[in-house]
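Here's the letter readout for the chains.
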Amino acid sequence: MEQGKIHLMKFQKRWQLLSYAEVLLYALGLAVLCYFIAKNVVISLVVFLIGLLLFILIKKPWQHNLFSTSTYVDAHVSEASFSSGLLLQPEDSLSNLAKLQRYKVAQELSVKLGLLTPPNAIKQALLVLLGCIILGFVIDKLQVFSGVDQILNNPNNSEQIQFIATDSLKGKSLVPKIETQEIKVLYPSYTRLGGTTTTDPNIKAVKGSTVQWKLHFDHPVNDPVLDIMGELKPLRKVGLGYQIQLPLTTSGFYSFKFKNEEGTAFTSDLFSLEAIPDNPPEIEILGLVQYTYFDFSDKKVVELQSAITDDFGIDESYIIATVSKGTGESVKFREEKLSFKETISKGTKSMRATKSLDLDALKMEMGDELYFYIEAFDEKQPKRNVARSETYFAVIKDTVGEQFGVEGTLGVDQMPDYFRSQRQLIIDTEKLIKDKPTISIQEFKSRSNELGFDQKALRLKYGQFMGDESEMEEAPAEIESHEEGEDHDHAEDQESMLKEFMHDHDGDNEHNLVEQHEHENENDSEPEDPLHDYLHNHDDPEESTLFEESLKTKLRKALSIMWDAELYLRLYEPEKSLPFQYDALKFIQEIKNSARIYVHRIGFDPPPIKEDSRLTGEIKDIKNYNKNESKEAEQPFEAIEEAVRRLEQLVHKESDYKENDTALFTAAGNELAQLAIDNPGKHLQVLQGLKSIENNTGRTLENYRFVQKGLLLALPDSPQKPGAKKMYVDKINSLFLKQLEVYD
Amino acid sequence: MIDGFSFLQQELLIPVILGSLLVFLAFVFKEWNTRSSGRFLLNSVVAFVTVLALMCIVLEPTKEVEMQHQQGLLLTSGFAKEEQDSLERVYKGLEILEYNPKKSIRASLDSLTSVLVIGNGLEEFDFYKLDSIPTTYLPNEVPSGITRLKFTQQLNLGEDLIMEGKYDQPKKSSFLVLQDSRGNGLDSLQFSDASILDFSLKAVPKVSGNFVYQLAEKDSLGNRIETNPIPITIKEKEPVRILILNTFPTFETKYLKNFLADEGYKVTVRSQLTKGKYKFEYFNTKASPIYQFSLESLKQYDALIVDTETYFNFGKSVKSNFENSIRENGLGLFIQPSEKLFNLGAKTSYFSFKRDGRNVFQLPNANITVEKYPFRFNDAFAVHPINAHESGNLSYYKQLGLGRVASTTLLNSYQLLLKGEEQAYAKIWTQILDKIVKQKEQAVDWESQTEFPKEGEPFNFELRTNLEELSVVNNEGNCVPLLQNSTVPFKYSATTYPKKKGWNTLAVEGDSTTSFSYYVYDANSWQSLSASIKIAANKKQFGNDPKENRTVMVNRPISLILFYLLFLLGAGWLWLSPKLSAEN
């Protein structure tokens, strides 16, 4: 390459370099200024880089190419005779004169270009840098941006525990600061969480954790204490710092207090301490209905599947099974603890537990019932949490029992025995079918009809338990008319015959109607008589609350089935009626067995009656009875209310802060802390405000307003309580009131 | 002074007379030797007239003249400039006066034959200034904003603070928010259209004391437009002493007595065990069994709760003791109902009932049903519902002399407690007992007569008291003179001038328990409300029909030219007179 072009390129390089240096100086100046303001290397580094990028983009040093260089050289070096451009062109394409000129220029430039400096503003940039340094220094000395520096240099400002002198007069004295703070939370061993270290003084941890605070001060301090809900706990000196370790039992608030060497007391802000309770295990029983019924001949096995979960680990879980035998007063219970098929490894957080409960293995017989539930414990210390599942029922149906037995709990026999039981009806019907060939047709029909009536009576009686007046609405109307029609036909066909052996209550149609009517009347006038006092007085069957929902539907089904059974009996077809009767019996048995659970639930032992003094009418041994009791009216927020009143005066500047106000605000703070115990975060700021009023760092109008607002919000609605009002008794009004009556 | 004449320089009168006399005497002395010449008398008369003219020049005499047409225009706050201009065009020579309650305009009013008032009008306490002048008031339109307001300034803790008012031309979808003294919202409403709107806001204060609640108007975005203070005084109720008498222990009484005892009240319960034997329960009070119900023994209770059986089985004399205590001492009696009560006649049972067949009742503003007897109270004279605000009242009371008898058709109210509805239970019984308990006597009853007391303006109040020789002191410790009512001797009225904004107190000297707090408003608060009140008061005072001009006598100075001429002539004559006599 030719000498001249090389020189030009060198010059271009120099130019670019100077431009870059200029940019660098500007950016550096900016960064230095930032450092002085923010006192943070990272920020000034970032500013430096941004500034560099920005100035480079402005200056664009890469734009100084050879052509612009040659133009510059042409403009500034007269020896170049505006011909430096020739140096950039290939020699071959030039004319001889041009070649000559080119050579000349190359010669000249090799000397001159060394002396020529590219255009630059280096000096200016240096001045800017110097100016920035001086400005920064001045700012630093005058501490114009001291706040910025504090905020930026304490990125964890909210976490750093700050101390304020409680006596503002001595506030000028040296404030010892915390150099390092370390808060270690050790979770209870059973949680298997180990421990964590944090600097955030607002602590949230599982109940039972141990919290350890380690504080290092930059100056010696005296008697540092931890104030936790008014309880003062001194910090132990360990090495250079102080530390304290406390178990986390309840939520609350804490602050640190100490004195410096001059005896000025300092206190920190208030921080929250939140204890998260360990939840008891959760048990879910999968795919099992609450009531399971077995016939005696069935395979009586309940497949129990359950899912148990806990937040930290399950310790133990088992099934509690209770077998109840017998009815009424002779009911007996037997309880057994059964373990699951799977063995429970301690500490699993969730598990599936299964078990097949063989009712035969539990030595259950007909009519016996099994109640079972699952109990699970977690590993919480010192006392384990326990959870219980709902109770499930498995019943072996008993079809042998005879009487409907609600009376076991109610103590009153609600079942008059003038009507036959369903079982008795079945027996009679079966007997009738057996006897059919041997008896006359008239007698057969008569007996069938009689059984039909008994069935009706039974149905009506059960209907009363449902709150029915007389007939069921569900009864199919056309069947009834059909039945009556049938009856009517019979009556017409065999009038003479029927009259002989019909019972007068059912044979004659008119008579039947009248009878029916009478019966209804009877039901109307005294339907509630036997039951009125024991039932809720609900006429609507839907609202009857004697039985639980499933029982009611069962009873309703039973009643509809009884309708059918009665129908066929009345049609002299007892064979067809029999299956319905069996169905009805089955339902009634189920109802009866369900009712037995009440014995277990609401059993009551009356105290023994002294038979010798009973009903004698002697009252000489009866004495006046005196009872004297004092109750303090609970006013859990008395101090808060007083503080609100006081703050209102302070806000309106009706009086100045007095020394005994401090005690009031302390008391209000304690009450608020109690109120906030479940949710320390919510009232933390108000509490801090109260504290700052208390320790004379925030006795400003602003703070008074803020605290009063917070207290008003925290207060619950005022309770309703009766009381007398103060009134001026006006003579004229009194006279007026007394005169009022005269004209009444 | 001669009728109709006076002098402008009244104060110079005596020195000028003395001086003139001296001048005249000097003239007489000087002219004494010429008395023989015969002109002495004439000269003396002329000199006298001259001195008199001189005197008049100095004293500037005036003469009363009748004025017929000198109208004034009084501009009060909120007047419209256009109105002023058009009035000036119609009535030539109107004298414009600006009204300022702090400055007197009396002097300028004296010469006017009638006055027109425009704007929002004068303050009520300045009405007297226009007493003697025929005044016509041309009222402003009622401004937009709150133009009527009613709220309970004094209430007891637990009672509702109810604010009712009227808002004229509200901005659409702006809010009205009732706030406590620190701006926590308690109740609010949004205006759905821009017309006159009656509103009602309700809140239950949480703390007793003097508080300045606020009524804020906010636009639809929640920006505050205006906030006005609502000063209220919240008092605590006084504890009560209650006696409960039952024929047998009931759940109703058990829960009621627990409710009362938990408040720390003195409760005595007597329930009969058998003939002549009782079960006594004392809560927060010393044991003192009560068998005889004399007037004296009943005096220690504020309210009685007695079941129907016990009360109506009392003998005649015992019952009259009860009734006398109620009538004379203001004792409250609550009769716990039973079927028997509803079948007694109105004469014996105080109330008459009508069967309504309903056994349940839904409490207002709550989804709670309670059992009740299938009866309802018949309206009768002096029988009132316990809570007139709510519909479907179950409890009524009857005024009996100073006291009250109450009963209810509510049945088994304790079931509310069992259902966990403690608040509903407390509310029902608080309302009933509040209405009937004996009221505690208060020595002084204060009543503010000024709606919006302002700094430096008169605050009128009335007080009723049985105290004799009392004196009332204000905030600054100065005595406020009281004016005793001539027909009602225990009633006084007075006026004081509050010197600071905010709460001021008045108290009977030497007894701080009787103090009364009133709030002195900022000049800018409740502008539209006070303007509309002022307009109404002015309208009432002046009316807007034109009135006859009055005749006003005005002292007009007599022209001094006459005296100058007289003086010149007199002096000329006195100068000429010696010359003439010399010639002779």
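Residues numbered from 1 in each chain as written. Chains lettered and ligands numbered in written order. Predicted model: local features only at pLDDT ≥ 70, side-chain atom pairs only at ≥ 80, totals over all residues.

### Quick word on the overall build of chain A
We count it as follows: Every helix listed is a DSSP run of H or I at least four residues long, and every strand listed is a run of E at least two residues long, numbered separately from the N terminus. Buried means a residue has 20 or more other C-beta atoms within 10 Å of its own C-beta, exposed means 12 or fewer, and partly exposed covers the counts in between; C-beta atoms are placed from the backbone. We call two residues in contact whenever the C-beta atoms placed from their backbones are within 7 Å.
The helix and strand inventory of chain A stands at 21 helices and 23 strands. For chain A, with 744 residues in total, the buried portion stands at 28%. Contacts spanning at least 24 positions in sequence make up 69% of the contacts within chain A whose residues lie at least 6 apart.

### Considerations on the overall build of chain B
Secondary structure summary: chain B contains 14 helices and 37 strands in total. Per-residue burial for chain B yields a buried fraction of 31% across its 584 residues. Pairs at least 24 residues apart make up 64% of the contacts formed inside chain B by residues separated by at least 6 positions.

### Side note on the UniProt feature "transmembrane region" (unreviewed entry) in chain A
Residues and elements named next belong to chain A. Selection criterion: UniProt positions are given in the numbering used here, feature names are shortened, and annotations may be inferred rather than shown by experiment.
In the numbering adopted here, UniProt assigns the feature "transmembrane region" (unreviewed entry) to residues 17–35 and 41–58. Taken end to end, residues 17–35 has its terminal C-alpha atoms 26 Å apart, with 100% of it in helix and 0% in strand. Taken end to end, residues 41–58 has its terminal C-alpha atoms 25 Å apart, with 100% of it in helix and 0% in strand.

### Focus: the interface of chain B and chain A
Rule in force here: Classification used: nonpolar for Ala, Val, Leu, Ile, Met, Phe, Trp, Tyr, Cys and Pro, charged for Asp, Glu, Lys and Arg, polar for all others including Gly. Note on pairing: DSSP must find at least two bridges between two strands before they are called paired.
In this assembly, 63 residues from chain B lie in contact with 46 residues from chain A. Here the side of chain B that touches chain A is built from residues that sort into 26 nonpolar, 17 polar and 20 charged. As defined by bridge partners, strand 22 (residues 625–629) of chain A adjoins strand 17 (residues 277–283) of chain B across five bridges and the pair is classed as parallel. Bridging from a neighbouring strand, Asn628 of chain A pairs with Tyr282 of chain B of strand 17 of chain B.

### What about the sheet that holds strand 24 (residues 383–385) of chain B?
For the record, the criterion: Each axis is a line fitted through C-alpha atoms, taken for helices only over the stretch in contact, and angles between the N-to-C directions span 0 to 180 degrees.
One open sheet holds the nine strands; their spatial order is 22(A)-17(B)-16(B)-15(B)-18(B)-19(B)-26(B)-25(B)-24(B), and the pairing between them is mixed. Whereas interior strands pair on both sides, the edge strands pair on one side only; in this sheet they are strand 22 of chain A together with strand 24 of chain B. Strand-to-strand twist of the sheet, defined as the mean angle between neighbouring strand axes without regard to direction, takes the value 15°. Pairing of strand 18 (residues 303–307) of chain B with strand 19 (residues 332–336) of chain B, which is carried by five bridges, proceeds in the parallel orientation. Along strand 19 of chain B, the bridge assignment pairs Ala303 of chain B with Gly332 of chain B. Lying over the sheet, helix 8 (residues 316–329) of chain B contacts strand 19, strand 25 (395–400) and strand 26 (403–408) of chain B, oriented at roughly 120° with respect to strand 26 of chain B.

### Re the UniProt feature "transmembrane region" (unreviewed entry) in chain B
Residues and elements named next belong to chain B. Mapped onto this structure's residue numbering, the UniProt feature "transmembrane region" (unreviewed entry) falls at residues 12–29, 41–59 and 557–576. Overall, residues 12–29 shows 94% helix and 0% strand. The separation of its end C-alpha atoms is 25 Å. Helix makes up 80% of residues 557–576 and strand makes up 5%, while its end C-alpha atoms are separated by 32 Å.

### Focus on the nonpolar core
Selection rule: Among buried residues, those of type Ala, Val, Leu, Ile, Met, Phe, Trp, Tyr and Cys that are joined through C-beta atoms within 7 Å form a set called a nonpolar core.
Ile242, Ala303, Leu304, Leu333 and Phe334 of chain B are the most contacted members of the largest nonpolar core, which totals 54 residues. Among residues more than four places away in sequence, those in contact with Leu304 of chain B are Leu243, Leu245, Leu331, Gly332, Leu333 and Phe334 of chain B.

### What about the pairing of strand 15 (residues 241–246) of chain B?
Residues and elements named next belong to chain B. We apply this condition: Here is how to tell: hold the view so the strands point away, follow the path from the first strand over the helix to the second, and if it runs clockwise the crossover is right-handed.
Strand 15 sits mainly inside the fold: five of its six residues count as buried. Two elements, strand 15 and strand 16 (residues 266–274), share six bridges in a ladder whose sense is parallel. Pairing of Leu245 across the sheet is with Arg270, part of strand 16. You can see the chain leave strand 15, run along helix 5 (residues 251–262) and come back into strand 16, and the turn it takes is right-handed. Alignment of strand 15 against strand 18, held across four bridges, turns out to be parallel. Opposite Ile242, over in strand 18, you have Ala303 as the bridge partner.

### Observations concerning the sheet that holds strand 10 (residues 175–179) of chain B
In sheet architecture, strand pairing relies on hydrogen bonds along the backbone and comes in two forms, parallel and antiparallel. Residues and elements named next belong to chain B. In spatial order, the strands read 8-14-13-10-11; together these five strands make up an open sheet with mixed pairing. Only two strands of the sheet have a single partner each, and these edge strands are strand 8 (154–156) and strand 11 (185–190). Each strand of the sheet is rotated relative to its neighbour by a mean of 30°, with strand direction disregarded. When strand 8 meets strand 14 (residues 224–235), the two strands line up parallel, connected through three bridges. Across the sheet, residue Gln154 finds its bridge partner in strand 14, namely Thr233.

### Notes on the packing of helix 17 (residues 638–651) of chain A against helix 18 (residues 661–675) of chain A
Residue and element names in this part refer to chain A. Just so we agree on the cut-off: The cut-offs work like this: below 35 degrees is roughly parallel, past 145 is roughly antiparallel, 65 to 115 is roughly perpendicular, and the gaps in between are oblique. Handedness of a crossing is defined here by the sense of rotation of the near helix relative to the far one, left-handed for an anticlockwise turn of less than a right angle and right-handed for a clockwise turn.
Running from N to C, helix 17 and helix 18 cross one another at 130°; their axes reach a closest spacing of 8 Å. It follows from the interaxial angle that helix 17 and helix 18 lie oblique. Where helix 17 crosses over helix 18, the handedness of that crossing is left-handed. Residues Ala639, Ile640, Glu642, Ala643 and Arg646 of helix 17 touch helix 18, and the partners they reach there are Asp661, Leu664, Phe665, Ala667, Ala668, Glu671 and Leu672. Tallied by class, the residues present in the contact of helix 17 with helix 18 amount to eight nonpolar, no polar and four charged.

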